[in-house]
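# What the coordinates show
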Amino acid sequence: MSERNTVIENSLTSLLKDESFLPDLKAQTREQAFKSLVALLSTPNHVHKSYLRVALENGTIVRIPAFRVQHNDTLGPYKGGIRFHESVNESEVSNLARLMTLKNSLHELPFGGGKGGVIINPKKYSVKELNLICKKYVQYFNDILGPDKDIPAPDAGTGEREMDWMMAEYKNTHPGEPYRGSFTGKSIINGGSLGRKSATGKGVYFTFRYIMHDFLNEQEKWLQEQDNSFAENALKLKDKKMKVAVQGFGNLGSVAALEAFQCNYLQNEVVAVSDSNVMLYNSDGLDIPALVKFARDHDGDLPKTKEDLSEHKIKADLKERDSLLEINVDVLIMAALENQIHKDNMKKIKAPIIVEGANAPITEEADKYLSDSGTLIIPDILANAGGVIVSYLEWIQGRETQFYKEEQIYELLFERMQNTLDTILPQFFGDPFPLRQNCYIHSVMKLSTILFKQGKLY
Ligand code: NAP
């Protein structure tokens, strides 16, 4: 997980210099207030760590390390997923919690930022053991969780099953109290929202489409007048038949690939997709609906052999997984893991547009190199907020016990993402900062203004 402290510091430095921002803060007081802001945003409010005591089915008792990091609650209750993965560690959870604070602020959600993690490989535990781990997580962090305190959601290694278990345990440990809003990402029957599963993938593709179609068409003349390489490069791709590659074909990647395949606004061809086993390539475009069906019927996997492909009449070449990042495409949608583009492969990336579906798929060093070379990076903070936006809608529905139809959910999702894009894009194409920094500036501006108005900035 790459550090984003430099982006926060750079964003605050540019705000510090802009004296029209918080003009009441002057001279030394201003310098001091901005220094304290850097410290406030670079460090979490609380890091909770527990060792969950779990009895395994074979009779052994183990202690499993678990975290809940509460980064900042200026905008509302802490909100963020719980990850079950062997590589979980305090620094990763803290970085992800901070990203949630900034993401929620950018998208005008009334939440702070939090994140949780349990150091296990969930595939190595039985269903009964996983259920116990979920219950223990809620018991150990009992006092700090709740619909108005800290609201977890699924992340890598967890899903609606785990959220259902955790909400049920929260209900047990808080008798008589409201509980439906204590966890989001639950199953529909347990109070989850329609559309939550597809929300991030749909939001990722919507963000890309809105920039490369709606915004470019509406603002073409204005963009031609801008003197920067991002505007120039984006205009070069306008109306071009775009070749798209998608890394990762799970919940996020498969939905984003299908949206790209079905999109009537842009002429896309999804020429490559990958999962942890393989890359599939077809220069004339892959049959994404057939691949989605295959993955659904094969435990999430893409076809791995020539026999699989011919049996399911899918035309594609099987290639080495990581070569997907280096092929000649217009758009690379990153939908797998962190740190996929780094110093060793950054110079081989050819795509002029990269969309970050996963969190932090590009290291800070590679991010700088690619942005300086004119690559348009549509950052995680902007593109992958669909999940937390629909989590917000689930939280509201849980409080109202009234449910929206799936189409209403997508309408509300796209409306909210469009509002953010309409605020950010004119600033981005009009000035020299990369899109990520523009998003961070907007996000910290909101947080700082609220802190100042609450008398907490000094
Ligand atoms: P997922 O359902 O677990 O899918 C991950 C996909 O990435 C799988 O197809 C996996 O393949 C593939 N993969 C793993 N390592 C790979 C590699 N080295 N090269 C190519 N593919 C690889 O997860 P997801 O929900 O789609 O989320 C993807 C990423 O987005 C995660 O990092 C997650 O934290 C982030 N994210 C997700 C959401 C959300 O709402 N889903 C929201 C925000 C951020 P195998 O199946 O073969 O392992």
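Residues numbered from 1 in each chain as written. Predicted model: local features only at pLDDT ≥ 70, side-chain atom pairs only at ≥ 80, totals over all residues. Heavy atoms only, no water.

## Observations regarding a negative patch on the surface
- Negative charge collects at one region of the surface, where Glu-406, Glu-407, Glu-411 and Glu-415 lie side by side.
- By secondary structure assignment, the location of Glu-407 is in helix α15 (residues 406-430).
- By relative accessible area, Glu-407 is classed as exposed at 55%. (Patch = residues over 30% accessible without salt bridge, like charges linked within 9 Å, V, L, I, M, F, W, Y side chains within 5 Å. Areas by Shrake-Rupley, 256 points an atom, 1.4 Å probe, with all protein chains shown as cover. Salt bridge = Lys/Arg side-chain N within 4 Å of Asp/Glu carboxyl O. Lys, Arg positive; Asp, Glu negative; His and termini not counted. Charge placed at Lys NZ, Arg CZ, Asp CG, Glu CD. Helix = DSSP H or I, 4+ residues; strand = E, 2+ residues; numbered from the N terminus. Buried < 20%, exposed > 50% of the residue type's maximum accessible area, 1.4 Å probe, protein only.)

## A look at the packing of aromatic side chains
- Applying the stated rule across the entire model yields 12 aromatic pairs.
- Considering the side-chain rings of Tyr-137 and Phe-141, the 4.7 Å spacing of their centres and the 65° angle between planes classify their relative orientation as edge-to-face.
- Residue Tyr-137 is classed as buried on the basis of its relative accessible area of 0%.
- By the ring-pair criterion, three or more aromatic residues cluster together here, those being Phe-206, Tyr-210, Tyr-410 and Phe-414. (Phe/Tyr/Trp six-rings, centres within 6.5 Å; stacked < 30°, edge-to-face > 60°.)

## Brief notes about the sheet that holds strand β7 (residues 268-274)
- Overall, mixed pairing links the seven strands, which are arranged β9-β8-β7-β6-β10-β11-β12 in an open sheet. If you trace the sheet from one side to the other, it starts and ends with β9 (317-319) and β12 (376-378), each paired once. Mean inter-strand twist for the sheet, computed between neighbouring axes without regard to direction, equals 25°.
- Bridge count for strand β10 (residues 331-334) against strand β11 (residues 353-356) is four bridges, and the pairing is parallel. Across the sheet, residue Met-334 finds its bridge partner in β11, namely Glu-356. (Pairing = 2+ DSSP bridges. Axes fitted to C-alpha atoms, helices over the stretch in contact; angles between N-to-C directions.)

## As for the domain arrangement of the protein chain
- Examined at the domain level, the protein chain breaks down into domain 1 (3-41 + 444-453), domain 2 (47-194) and domain 3 (197-378).
- For domain 1 versus domain 2, the distance between C-alpha centres works out to 31 Å.
- In this assembly, 11 residues from domain 1 lie in contact with 11 residues from domain 2.
- Summed over both sides, the interface of domain 1 with domain 2 buries roughly 960 Å², with 57% coming from carbon and sulfur. (Domains from an automatic or database assignment. Contact = heavy atoms within 4.5 Å. Buried area = accessible area lost by both parts, 1.4 Å probe.)

## Thoughts on the site of the ligand
- Lining the immediate surroundings of the ligand are 22 residues, of which Thr-200, Asn-251, Leu-252, Ser-276 and Ala-336 lie closest.
- At 3.1 Å from an oxygen atom of the ligand is found a main-chain nitrogen or oxygen belonging to Gly-250.
- Contact between the ligand and Ala-336: an oxygen atom at 3.0 Å from a main-chain N or O atom of the residue.
- Relative to its unbound accessible surface of 900 Å², the ligand loses 77% to contact with the protein.
- Secondary-structure elements contributing two or more residues to the shell around the ligand are α6 (196-218) and α9 (251-262).
- Class assignment of the residues belonging to the shell around the ligand gives a composition of six nonpolar, 11 polar and five charged. (Near = heavy atom within 4 Å. Polar contact = N/O pair within 3.5 Å; in protein donor to acceptor, adjacent residues only side chain to side chain. Nonpolar A, V, L, I, M, F, W, Y, C, P; charged D, E, K, R; others polar.)

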